[in-house]
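Summary of structural features
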Amino acid sequence: MLLIGVNRSPYTRRVAITLQAYGVPYEQQALSGFGNRAEVRAQNPLGRIPALVLDDGEVLLDSGAIIDHLDEAYGRDRALTPAAGADRRAVLKVAALMMGACDKGLHAAYERNHHPPEKVHQPWIDDCMVQMTTALAAVEAMADPARPYLLLGRLTQADVTAFIAERLARGLGVDTETRMPRLRALAKKRAEEPAFRLTEPTP
Ligand SMILES: N[C@@H](CCC(=O)N[C@@H](CS)C(=O)NCC(=O)O)C(=O)O
């Protein structure tokens, strides 16, 4: 199995963490969506990371679809997204908020990094960042400092996605230590666990 993408991409890291959590052996080709256009497009016509090349050559695209396959193939009764019912809905809701927060954070970053300075529209960046931080604050409100996980008393995609979104927000200059201290504390705890430690992006 070959994971295509760099772990500084929150979407790629989410897949890498999931592979590690399930104990699935894989190789990784550290390609960037912007820096390695041609190579990424050869696997994904949309030119985005992550992509996952299965052992029979089938290529899966988009972190959500890739994780759906990993849950089915390796999650069994301990899938990071429960198979059905209220638990599944609760995990998917947090994951949707956190993946949406990543989308908004990256829109803000793209506005700054992919436009000439005179064409950067600061109100759009501000709006995206408010959406990102409001979503993070909603998940912060769900975190109980006495509990090691957001939901279900175990690792789920709620915690995986909260981890990557908190990390991205911090990278974009959000003071999560002050504004989302519970999420920051959960992220620190996760960072010590093998699936998270082993997927730390290389500088
Ligand atoms: N919804 C996709 C988003 C993937 C995505 O936006 N990846 C970024 C890297 S963080 C990328 O490849 N961007 C290059 C581009 O959009 O041209 C997923 O969950 O996998």
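Below you will find a few notes about this structure.

What counts and how
Starting from 1, residues in each chain are numbered consecutively following that chain's sequence as written. Owing to the predicted nature of the model, reporting of local features is limited to residues with pLDDT of at least 70; listing and counting of side-chain atom pairs is limited to 80 or more, with chain, interface and lining totals taken over all residues. With hydrogens and water stripped out, all remaining heavy atoms of the structure feed into the side-chain values. Under the DSSP-based scheme used, a helix requires at least four consecutive residues in state H or I and a strand at least two consecutive residues in state E, with every element numbered from the N terminus. Two residues form a contact once any of their heavy atoms are found within 4.5 Å. Each accessible area is a Shrake-Rupley result for a 1.4 Å probe, and residues are judged covered by the shown protein chains and nothing else. For this count, His and the chain ends are skipped, Lys and Arg are scored as positive, and Asp and Glu as negative. For this purpose, a charge sits on NZ of Lys, CZ of Arg, CG of Asp or CD of Glu. In these notes, residues near a molecule or strand are those with any non-hydrogen atom within 4 Å of it. Any pair of nitrogen or oxygen atoms within 3.5 Å is treated as a polar contact; in protein, a donor-acceptor pairing is required on top of that, and neighbouring residues in sequence qualify only through side-chain atoms on both sides. Gly counts as polar in this scheme, as do all residues outside two lists: the nonpolar Ala, Val, Leu, Ile, Met, Phe, Trp, Tyr, Cys and Pro, and the charged Asp, Glu, Lys and Arg. Centres within 6.5 Å make a pair out of two Phe, Tyr or Trp rings, where for Trp the six-membered ring is used; the pair is then stacked when the planes are under 30 degrees apart, edge-to-face when over 60, and tilted otherwise. Using a 1.4 Å probe on the protein chains alone, a residue whose accessible area is under 20% of its type maximum counts as buried, one over 50% counts as exposed, and one in between counts as partly exposed.

A short note on the overall build of the protein chain
Helix and strand counts for the protein chain come out as nine helices and four strands. N-terminal to C-terminal, the α/β element order of the protein chain is β-α-β-α-β-β-α-α-α-α-α-α-α. Projected onto its principal axes, the C-alpha coordinates of the protein chain cover approximately 50 × 45 × 30 Å. The contacts of the protein chain with a sequence gap of at least 6 include a subset with a gap of at least 24, amounting to 66%. Split by element, the accessible area of the protein chain, about 10500 Å² in all, is 52% carbon and sulfur. For the protein chain, the distance from the average position of its 25 positive side-chain charges to the average position of its 25 negative side-chain charges is 4 Å.

Points about the site of the ligand
As a matter of local geometry, the ligand sits amid 13 residues, with R37, R48, I49, D62 and S63 nearest to it. R37 is positioned with one of its side-chain polar atoms (N or O) 3.0 Å from an oxygen atom of the ligand. Within the backbone of I49, an N or O atom sits 2.8 Å from a nitrogen atom of the ligand. Within the complex, the protein chains bury 84% of what would otherwise be the 510 Å² of accessible surface of the ligand. Here the residues of the shell around the ligand are counted per class, giving six nonpolar, four polar and three charged.

Description of the packing of aromatic side chains
Summed over the entire model, instances satisfying the criterion amount to two aromatic pairs. Between F34 and Y110, the aromatic rings sit 5.2 Å apart at their centres with planes inclined by 80 degrees, giving edge-to-face as the arrangement. Of the two residues, F34 is situated in the loop between β2 (27–29) and α2 (37–43) and Y110 in helix α4 (residues 85–113); the sequence distance between them amounts to 76 residues. Their ring planes at 70 degrees and their centres at 4.7 Å tell us that F163 and F196 sit as a pair that is edge-to-face. Placement of F163 in helix α6 (residues 157–171) and of F196 in helix α9 (residues 194–197) is noted, with a sequence separation of 33 residues between them. Accessibility assignment for this pair places F163 and F196 in one class, buried.

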